Amino acid sequence: QVQLVESGGGLVQVGGSLRLSCIVSGRTFRSYDMGWFRQAPGKEREFVATVTWSGGGTNYADSVKGRFTGSRDKAKNTVYLQMNSLKPEDTAVYYCAALVGGTLTVHYWGQGTQVTVSS
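Everything quoted here is computed from the prediction, not taken from an experiment. One numbering rule holds for all chains: residues counted from 1, following each sequence as written. In keeping with the predicted nature of the model, local features appear solely for residues at pLDDT of at least 70, side-chain atom pairs appear and are counted solely at 80 or more, and the whole-chain, interface and lining totals rest on all residues. Values shown for side chains rest on all heavy atoms present in the structure; no hydrogens or waters enter the calculation.

Engineer: Is there a simple way to explain the overall build of the protein in this structure?
Structural biologist: A count of helical and extended segments in the protein gives zero helices and 11 strands. In this text, helices come from DSSP runs of H or I with a minimum length of four residues, and strands from runs of E with a minimum of two, each type numbered from the N-terminal end. Each helix (α) and strand (β) of the protein, taken in turn from the N terminus, gives the series β-β-β-β-β-β-β-β-β-β-β. Our radius of gyration looks at C-alpha atoms and nothing else; its globule reference is 2.2 Å times the residue count to the power 0.38. A globule of 119 residues ought to have a C-alpha radius of gyration of about 14 Å, and the protein, at 13 Å, matches this closely. Principal-axis analysis of the C-alpha atoms gives the protein an extent of 40 × 30 × 25 Å. In the protein, which comprises 119 residues, the proportion classed as buried is 42%. Once local pairs closer than 6 in sequence are excluded, the contacts in the protein between residues at least 24 apart make up 53%. Values of accessible area rely on a 1.4 Å probe in the Shrake-Rupley scheme; residue burial ignores everything except the protein chains shown. Carbon and sulfur atoms form 48% of the exposed surface of the protein, whose accessible area is close to 6100 Å². Burial classes: relative accessible area under 20% of the type maximum marks a residue as buried, over 50% as exposed, and values in between as partly exposed (1.4 Å probe, protein chains only). Note on definitions: a residue-residue contact is assigned when non-hydrogen atoms from the two residues lie within 4.5 Å.

If you want it as structure tokens, here you go:
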């Protein structure tokens, strides 16, 4: 019964920034660590970042380290992915997810939001 509702995707130029949001409802927010994943057309879904219950981002994918930052606002039950210095290869559908504690196994997926970086 956990619901994850994402927003913030869109079209952005190379070098630009976007902030994705994921509102979590249905269960206690601290019940799960959160993660961000992405999937480009014709490719496998890949891990992007984790966001712990304390709000820190951990285990960033090498492709986004130094550019993306995961965070959460527990008072708003919202998880964020701040994306800076965007590249065309960042174009994908981005998904937030509720994770099994201590793993990257997903309990619940968000619906996804499209990010397109124009070259």
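Don't stop here, the text continues.
Engineer: Help me understand the sheet that holds strand β8 (residues 78–83) in this model?
Structural biologist: Across the sheet, which stays open at both edges, the four strands sit in the order β1-β3-β8-β7 with antiparallel pairing between neighbours. Only two strands of the sheet have a single partner each, and these edge strands are β1 (3–7) and β7 (68–73). Averaged over all neighbouring strand pairs, the angle between strand axes comes to 20°, with direction disregarded. As judged from the five bridges shared by β1 and strand β3 (residues 18–25), these two strands associate in the antiparallel manner. The residue bridging Ser7 from the neighbouring strand is Ser21, located in β3. For two strands to pair, DSSP has to find at least two bridges joining them. Axes, fitted as lines to C-alpha atoms, cover a helix only where it is in contact. Angles between the N-to-C directions of the axes lie from 0 to 180 degrees.

Engineer: What exactly am I supposed to notice about the pairing of strand β9 (residues 92–99) here?
Structural biologist: Extensive coverage of β9 is indicated by the burial of seven of its eight residues. Alignment of strand β4 (residues 33–39) against β9, held across seven bridges, turns out to be antiparallel. Along β9, the bridge assignment pairs Trp36 with Cys96. The pairing of β9 with strand β10 (residues 106–109) spans three bridges and is classified as antiparallel. Among the inter-strand pairings, Leu99 is bridged to a residue of β10, identified as Val106. Hairpin geometry of β9 and β10 is characterised by an intervening segment of six residues between the two adjacent antiparallel strands and by a positive phi of about 80° at Gly102.

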